Amino acid sequence: MSDSDKLAAIRAKTRMRLLFALVTLGCYFAFVLNWVDGPDRALAQTLGDSHINGSLLFFVGLIISFILLELLFLFIYRVTGGGRE
Amino acid sequence: MSALTRTANSGFFTLLAISLPAGFALAAGDLSGEVERQAVNPVAIVMFLLFVAATLGISYWASRRTQSSKDFYTAGGQITGLQNGTAIAGDFMSAASFLGITGLIFLGGFDGLVLALGAFSAWPLLLFLLAKRVRNLGSFTFVDVVSQRLERTRIRLVAIGGTIVVVILYLIAQMVGAGKLIQLLFGLPYEVAVISVSILVLTYVTFGGMLATTWVQIIKAVLLMAGVTITAALVLYHSGFSIENLLAGAAANHPRGDVILSPGVLFQDPVQVTTILVSMLFGTLGLPHILMRLFTVPDMHEAKKSAFYASLFMGYFYLALIILGFGTAMLLYNNPAFFTPEGTLIGGNNMAAIHLATAVGGDLLTGFMSAVTFATILAVVAGLTVSGAAAISHDLYAEVICKGAPDSHKELQLTRLTTLVIGVIAVVLGILFENENVAFIATMPMVVAASVNFPVLFLSLFWPGLTTRGAIWGALAGLVSSVGLIIVGPQVWVSVLGFEEPLFPYNYPALFTLPLALVVTWLVSVTDRSARGEIDRDNYLRLLIRSEYGPEGEELEIARH
């Protein structure tokens, strides 16, 4: 692989790293919405008649989503990395 | 009722300060004060002795395999990704995480989950941004990474300073919390508890180095997750294996009722929540003893696996804490046996998880969880000690004083000596700070790591324009501003110095100090016209190639220096 090819590959990988990081950070700081008064307070809604509300689902969803994001990240790198990842 | 629950007072909140945001701690109660010794729980003692015997055996085994500095610092780089991920989880799932978060949910319901999210979310970012590049560029510590590109001596001295500050502060908070915790759980005098922790950790680390430390952390992680799983399963059994019943029971029994299921009981200010989230996230990414674990694996593939497995285990752990936390609300509030005549939880809110174990599993589970909590402290302190020893013997002695060519035998000797010194320092500081309010000490490591270590590490990996001068000024700005704002904040200005109102309203200033460090680094770097600055910028491409392809892929002729 030539120098320019390697650098192009690294730039693509860096873009992907930053994209995954930005998605993570966006979701992470969206958690603050739980403490922001909004017009509809969707996170305060409950699931039917249960005690499970949007805030609790948000927390659980974030944990699971982050793990799935990591799996996706590792999968993409395995597929695009040509065995180098 | 177990012996554990017979006597205690509310002075146990120091534990919460070990690694939790002080806002939580202060919401929960006083952080200083005496802790009444507990009656001995024989089950806890037996289980703890079994743990100590097993880990000392491992230390003996590891000592026969620790022959060089590389063995000592990074276990010879032969830990697998799964093992290392478990050890990272063991390093990070502290007693404060387990007892503190459960106690916060017991106290304030949903708001207690802020810390759980903050502690967990650093791991995806570690995988996406740091794991591979740090592993490929460093050898023993994160200081190796930043000094690859920048002027070695100056940036090493700054990074070593950041590491030592973080390790010592973290160590003080751990030792004070450990002393109080062991005093409460096992009935040992405070000084004996602190000295016992130090002796055991020194035995692990001095003889077995990172290999013994890793296995102590692995065993502890497995035991902690087993204990949490058993407790959670028993809680679910009590709620008919229904989350709905669990939440309904918690809301019905908690004095605040249904509101504990929603945000707003402990925190109302979104900025306050944001300051905690920023500090927890970026502080974790700058903790030297966590970053050091990336070098214990053979290559970048295993480093990435480590980060993923650590996420997996911690995700499971924090999800299980939801069940434990709301389980405490469901099962403890309606049982007067767990409360003092004044109506407070015996031993303080941090004892909620242990009381829950008593409620669902009797003395056997209580003893097991108490022993696991002690093991947790040992594992965390061991990791800190290795990191501190490496900062002195490797980063300072081998790389700065010996210019990267130390006598290997002397370096290993110095490492072991440094370990002993750190152990003594930990005991002395632990005893000196026994009755101090350590909330601000517990705050500083995370904020300093977020404001000093993380910006330098991140920019050295991702920004071509970084120069040595910019990194040093940025690190100093982060250090001075974070320490200064903590001093004028509520924890020191009001709680320690006695003023009525803080000059700065938040306990965790990283939301402000991290951007400040980044801006100062950027400004000084872009205006740096020195010859060294040119070299630093030119070094970026060579290091970029190496960070992605490893040392074996570094055949490019891009770098001029």
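For clarity, every value in this text was computed on a predicted model and none was experimentally measured. Each chain carries its own residue numbering, running from 1 in the direction its sequence is written. Chains and ligands are labelled sequentially in the order written, the chains with letters from A and the ligands with numbers from 1. The predicted nature of this model means local features are confined to residues of pLDDT at least 70 and side-chain atom pairs, given and counted, to a pLDDT of 80 or more, with totals for whole chains, interfaces and linings taken over all residues. The side-chain values count all of the structure's non-hydrogen atoms but skip hydrogen atoms and water molecules.

Chemist: Describe the overall build of chain B, listing the residues and the values that go with them.
Modeler: Numbering of helices and strands runs from the N terminus, with a helix taken as a DSSP run of H or I at least four residues long and a strand as a DSSP run of E at least two residues long. Along the backbone of chain B there are 20 helices and zero strands. Pairs of residues are marked as contacts when any of their non-hydrogen atoms sit within 4.5 Å. Taking the intrachain contacts of chain B between residues at least 6 apart in sequence as the baseline, contacts between residues at least 24 apart amount to 83%. Carbon together with sulfur atoms contributes 66% to the accessible area of chain B, which is approximately 17,100 Å² in total. All accessible areas in this document rest on Shrake-Rupley with a 1.4 Å probe, and a residue is counted as covered only by the protein chains that are shown.

Chemist: Give me the lowdown on the overall build of chain A, citing residues and values where you can.
Modeler: The helix and strand inventory of chain A stands at two helices and zero strands. Throughout this description, buried means an accessible area under 20% of the type-specific maximum (1.4 Å probe, protein chains only), exposed means over 50%, and partly exposed covers the range between. Across the 85 residues of chain A, 40% fall into the buried class. Here the analysis covers contacts within chain A between residues at least 6 apart in sequence; of these, 55% occur between residues at least 24 apart.

Chemist: Could you give an account of helix α4 (residues 81–92) of chain B, with specific residues and numbers?
Modeler: Residue and element names in this part refer to chain B. Any helix carries an expected span of 1.5 Å times its number of residues minus one. The terminal C-alpha atoms of α4, which comprises 12 residues, lie 16 Å apart, in line with the 16 Å expected from a rise of 1.5 Å per residue. Taken across its 12 residues, α4 has 10 buried, putting it largely inside the fold. Residues Gly81, Asn84, Gly85, Thr86, Ala87, Ile88, Ala89, Gly90, Asp91 and Phe92 constitute the buried set of α4.

Chemist: Break down the interface of chain B and chain A for me, citing the residues and quoting the values.
Modeler: Between chain B and chain A, the residue contacts involve 61 residues of the former and 43 residues of the latter. Here's the idea: put two parts together, see how much 1.4 Å probe accessible area each one loses, and the total over both is what we call buried area. Summed over both sides, the interface of chain B with chain A buries roughly 4,600 Å², with 74% coming from carbon and sulfur. On the chain B side of the contact with chain A, Leu117, Phe128 and Tyr549 of chain B bury the most area, a combined 17% of that side's loss. Salt bridges are identified by distance alone: a Lys or Arg side-chain nitrogen within 4 Å of an Asp or Glu carboxyl oxygen. The tally of links from chain B across to chain A stands at one salt bridge.

Chemist: Can you break down a nonpolar patch on the surface residue by residue, with the values?
Modeler: Residue and element names in this part refer to chain B. Note that patches include only residues with greater than 30% relative accessible area and no salt bridge, and the join distances are 9 Å for like charges and 5 Å for nonpolar side chains (Val, Leu, Ile, Met, Phe, Trp, Tyr). On the surface, Leu417, Leu420, Val421 and Ile425 cluster together into a nonpolar patch covering about 320 Å² of accessible area. Its location among the elements puts Val421 in helix α15 (residues 408–432). On the basis of relative accessible area, Val421 is assigned to the partly exposed category, the value being 41%.

Chemist: Describe in detail the packing of aromatic side chains, supporting the description with residues and values.
Modeler: The geometry of an aromatic ring pair is captured by the separation of the ring centres together with the interplanar angle, meaning the angle of the planes. Aromatic rings from Phe, Tyr and Trp, taking only the six-membered ring of Trp, are treated as a pair when their centres fall within 6.5 Å; an angle between ring planes under 30 degrees marks them as stacked, one over 60 as edge-to-face, and anything in between as tilted. Under the defined criterion, the tally for this structure stands at 27 aromatic pairs over all chains. Seen in terms of ring centroids, Phe31 of chain A and Phe110 of chain B are 5.8 Å apart; in terms of plane orientation they differ by 35 degrees. Their pairing is tilted. Of the two residues, Phe31 of chain A is situated in the loop between α1 (3–30) and α2 (54–80) and Phe110 of chain B in the loop between α5 (95–108) and α6 (113–137); the pairing between them involves two chains. The class for Phe31 of chain A is buried, based on a relative accessible area of 0%. Their ring planes at 70 degrees and their centres at 6.3 Å tell us that Tyr237 of chain B and Phe241 of chain B sit as a pair that is edge-to-face. Of the two residues, Tyr237 of chain B and Phe241 of chain B, both sit in the exposed class.

Chemist: Let's hear about the packing of helix α9 (residues 190–238) of chain B against helix α14 (residues 352–401) of chain B: which residues, and what values?
Modeler: All names here are of chain B. Axes, fitted as lines to C-alpha atoms, cover a helix only where it is in contact. Angles between the N-to-C directions of the axes lie from 0 to 180 degrees. Across the interface, α9 lies against α14 with an axial gap of 6 Å and an inter-helix angle of 150 degrees. As far as their axial angle goes, α14 and α9 are roughly antiparallel. The two elements α9 and α14 meet at a crossing, and its hand is left-handed. Residue composition of the contact of α9 with α14, by class: 28 nonpolar, nine polar and one charged. Working rule for angles: under 35 degrees goes down as roughly parallel, over 145 as roughly antiparallel, 65 to 115 as roughly perpendicular, anything else as oblique. Two helices that cross are described as forming a left-handed crossing if the nearer one is turned anticlockwise from the farther one by less than a right angle, and a right-handed crossing if clockwise. Only Asp, Glu, Lys and Arg are considered charged in this grouping, and only Ala, Val, Leu, Ile, Met, Phe, Trp, Tyr, Cys and Pro are considered nonpolar; every other residue, Gly among them, is considered polar.

Chemist: Can you break down the pattern of salt bridges residue by residue, with the values?
Modeler: Per the stated rule, a full pass over the model turns up 11 salt bridges over all chains. Here Lys132 of chain B ties to Glu548 of chain B by a salt bridge, and the two come within 3.2 Å at their closest N and O atoms. Here Glu548 of chain B lies in helix α20 (residues 531–549) and Lys132 of chain B lies in helix α6, a separation of 416 residues in the sequence. For Glu399 of chain B, the salt bridge identified is with Arg156 of chain B, shortest N-O distance 3.7 Å. Of the two residues, Glu399 of chain B is situated in helix α14 and Arg156 of chain B in helix α8 (residues 152–186); the sequence distance between them amounts to 243 residues. Shared partners join several salt bridges into a network, and the residues in it are Arg17 of chain A together with Lys132, Arg133 and Glu548 of chain B.

Chemist: Provide a residue-level description of the side chain of Thr206 of chain B, including the pertinent values.
Modeler: Inspection of the secondary structure assignment puts Thr206 of chain B in helix α9. Beyond its immediate sequence surroundings of up to four residues, Thr206 of chain B is in contact with Phe72, Arg416, Thr419 and Leu420 of chain B.

Chemist: Talk me through the nonpolar core; I want residue IDs and the actual numbers.
Modeler: By convention a nonpolar core is built from buried Ala, Val, Leu, Ile, Met, Phe, Trp, Tyr and Cys residues, the set being connected through side-chain atoms within 4.5 Å. Membership of the largest hydrophobic core comes to 196 residues, with the highest contact counts inside it found for Phe98, Val197, Met314, Tyr318 and Phe326 of chain B. Broken down by element, the residue count for this core peaks at 23 residues, all from α14 of chain B. What Tyr318 of chain B contacts, discounting residues up to four positions off in sequence, is Phe59 and Ile63 of chain A together with Phe92, Ser97, Ile101, Ala116, Ala119 and Phe120 of chain B. In this structure, Leu7 and Ile10 of chain A together with Tyr540 and Leu544 of chain B belong to the second largest nonpolar core, which totals six residues.

Chemist: A description of the side chain of Thr296 of chain B should follow, citing residues and the corresponding values.
Modeler: Secondary-structure assignment places Thr296 of chain B in the loop between α12 (288–291) and α13 (300–332). If sequence neighbours within four positions are ignored, Thr296 of chain B has contacts with Thr74, Gly77, Gln78, Ile79, Asn84 and Met210 of chain B.

Chemist: Go over the packing of α2 of chain A against α6 of chain B with me, naming the residues and quoting the values.
Modeler: Running from amino to carboxyl end, α2 of chain A crosses α6 of chain B at an angle of 10 degrees, the nearest separation of the two axes being 10 Å. Considering their axes alone, α2 of chain A and α6 of chain B lie roughly parallel with respect to each other. Residue-level inspection shows Leu56, Phe59, Leu62, Ile63, Phe66, Ile67, Leu69, Glu70, Phe73 and Leu74 of chain A of α2 of chain A in contact with α6 of chain B, the latter providing Leu113, Ala116, Leu117, Phe120, Ser121, Trp123, Pro124, Leu127 and Phe128 of chain B. Looking at the contact of α2 of chain A with α6 of chain B residue by residue, the class counts come to 17 nonpolar, one polar and one charged.

Chemist: Can you lay out unusual backbone geometry for me, pointing to particular residues and giving the numbers?
Modeler: Residues and elements named next belong to chain B. The phi dihedral of Ala75 falls on the positive side, at around 55 degrees, and the residue is not glycine. Among the secondary structure elements, Ala75 is positioned in the loop between α3 (69–74) and α4. Phi at Phe241 is positive, roughly 55 degrees, even though this residue is not glycine.

Chemist: I'd like a rundown of the confidence of the model for chain B, residues and numbers included.
Modeler: Residues and elements named next belong to chain B. With 89% of its residues at a pLDDT of 70 or more, chain B shows a mean pLDDT of 84. Scored between 0 and 100, pLDDT is the confidence that the predictor attaches to each residue. Averaged pLDDT values over the elements of chain B bottom out at 36 in helix α1 (residues 22–28) and peak at 97 in helix α19 (residues 510–526). Here residues 1–33 is a poorly scored stretch, pLDDT under 50, and it has 129 contacts once near neighbours within four places are set aside; other chains count. Low pLDDT, under 50, characterises residues 554–561; the stretch is placed with 18 contacts to residues that sit more than four places away or in other chains. Here the complex is predicted with pTM 0.86, and the ipTM for its interfaces comes to 0.92.

Chemist: Explain the environment of Ala250 of chain B to me, using residue names and the numbers behind them.
Modeler: In this fold, Ala250 of chain B is placed in helix α10 (residues 243–253). With residues near it in sequence (within four places) discarded, Ala250 of chain B still touches Ile260, Phe326, Ala329 and Met330 of chain B.

Chemist: Can you explain α13 of chain B? Please cite residues and give values.
Modeler: Because an α-helix packs 3.6 residues into every turn, residues spaced three or four apart end up facing the same way. Residues and elements named next belong to chain B. Its 33 residues give α13 an end-to-end C-alpha distance of 47 Å, which sits within 8% of 48 Å, the value for a rise of 1.5 Å per residue. The buried fraction of α13 amounts to 26 of the 33 residues, a majority that puts the element mostly inside the structure. Where α13 begins, one side-chain oxygen reaches toward the backbone nitrogen of His301, 3.1 Å away; that side chain belongs to Asp299. Any pair of nitrogen or oxygen atoms within 3.5 Å is treated as a polar contact; in protein, a donor-acceptor pairing is required on top of that, and neighbouring residues in sequence qualify only through side-chain atoms on both sides.

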